[in-house]
Amino acid sequence: MNPSASDFLPYHITNAEDPALLPNLRKINESDETKEKCLEILRKDLKNVEDIEPCLEDDFLLRFLRVSKFNTSNAFQRVLKYYQQFDITLEALKKVSLPVQRAQSVKYIWISPRRLKNNSA
């Protein structure tokens, strides 16, 4: 089965309210009501965790809620795993010692999780 042009979304869509995304929003149970309710529950749960200082911004938390189809317990577990993996990576990087010139010549690309609002970089 080859996908048709209608199966793809343009790259310039930057908000979830775009009409082209409505079928996907229904599939993951996203609505204004569930979004607000689930964000509130997830924030409350994360504030009770003592080991981490989680990011509580809407955009960050919505990533976990959307992939969990707005199931707050699954999203909560995903956030915890995210921070656990972050700690594991940080510990591994602490053990690595490279001269600056060698680190700059590494062929891997490091990409920020954020982008400019005008998509210029």
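Owing to the predicted nature of the structure, the values given are computational and were not obtained by experimental measurement.

Student: Would you mind going over a nonpolar patch on the surface in detail, with residue names and values included?
Tutor: Together, Leu93, Val96, Leu98 and Val106 give the surface a local cluster of nonpolar side chains, amounting to about 320 Å² of exposed area. Take Leu93: it is sitting in helix H4 (residues 72-94).

Student: Account for the UniProt feature "domain: CRAL/TRIO N-terminal" (unreviewed entry) in the protein chain, with residues named and values stated.
Tutor: As recorded in UniProt, the sites labelled "domain: CRAL/TRIO N-terminal" (unreviewed entry) are residues 57-82. Across residues 57-82, the secondary structure splits into 81% helix and 0% strand, with the terminal C-alpha atoms separated by 15 Å.

Student: Lay out the packing of helix H3 (residues 58-67) against H4 with the relevant residues and their values.
Tutor: Between H3 and H4, the least distance of the axes is 8 Å, while the angle of their chain directions is 125°. Our classification of the angle between H3 and H4 gives oblique. The interaxial crossing formed by H3 with H4 has right-handed handedness. Of H4, the residues touching H3 (which contributes Phe60, Phe64, Leu65 and Val67) are Thr72, Ala75, Arg78, Val79, Tyr82 and Tyr83. In terms of residue class, the contact of H3 with H4 is built from 8 nonpolar, 1 polar and 1 charged.

Student: Residue-level account of the pattern of salt bridges, with values.
Tutor: Here the structure, examined in full by the defined rule, presents 4 salt bridges. Residue Lys35 is joined to Glu30 by a salt bridge in which the shortest nitrogen-to-oxygen separation is 3.6 Å. Take Lys35: its relative accessible area is 11%, and that puts it in the buried class. Residue Glu30 is classed as buried on the basis of its relative accessible area of 11%. Arg66 serves as the salt-bridge partner of Glu30, at 2.8 Å between the closest nitrogen and oxygen. Separated by 36 residues along the polypeptide, Glu30 in the loop between helix H1 (22-27) and helix H2 (32-47) and Arg66 in helix H3 bring together distant segments of the chain. Through salt bridges that share partners, Glu30, Lys35 and Arg66 make up one connected network.

The rules behind the values
Residues numbered from 1 in each chain as written. Predicted model: local features only at pLDDT ≥ 70, side-chain atom pairs only at ≥ 80, totals over all residues. Heavy atoms only, no water. Patch = residues over 30% accessible without salt bridge, like charges linked within 9 Å, V, L, I, M, F, W, Y side chains within 5 Å. Areas by Shrake-Rupley, 256 points an atom, 1.4 Å probe, with all protein chains shown as cover. Salt bridge = Lys/Arg side-chain N within 4 Å of Asp/Glu carboxyl O. Helix = DSSP H or I, 4+ residues; strand = E, 2+ residues; numbered from the N terminus. UniProt positions renumbered as here; feature names shortened; annotations may be inferred. Axes fitted to C-alpha atoms, helices over the stretch in contact; angles between N-to-C directions. Parallel < 35°, antiparallel > 145°, perpendicular 65-115°, else oblique. Left-handed = near helix turned anticlockwise from the far one by under 90°. Contact = heavy atoms within 4.5 Å. Nonpolar A, V, L, I, M, F, W, Y, C, P; charged D, E, K, R; others polar. Buried < 20%, exposed > 50% of the residue type's maximum accessible area, 1.4 Å probe, protein only.

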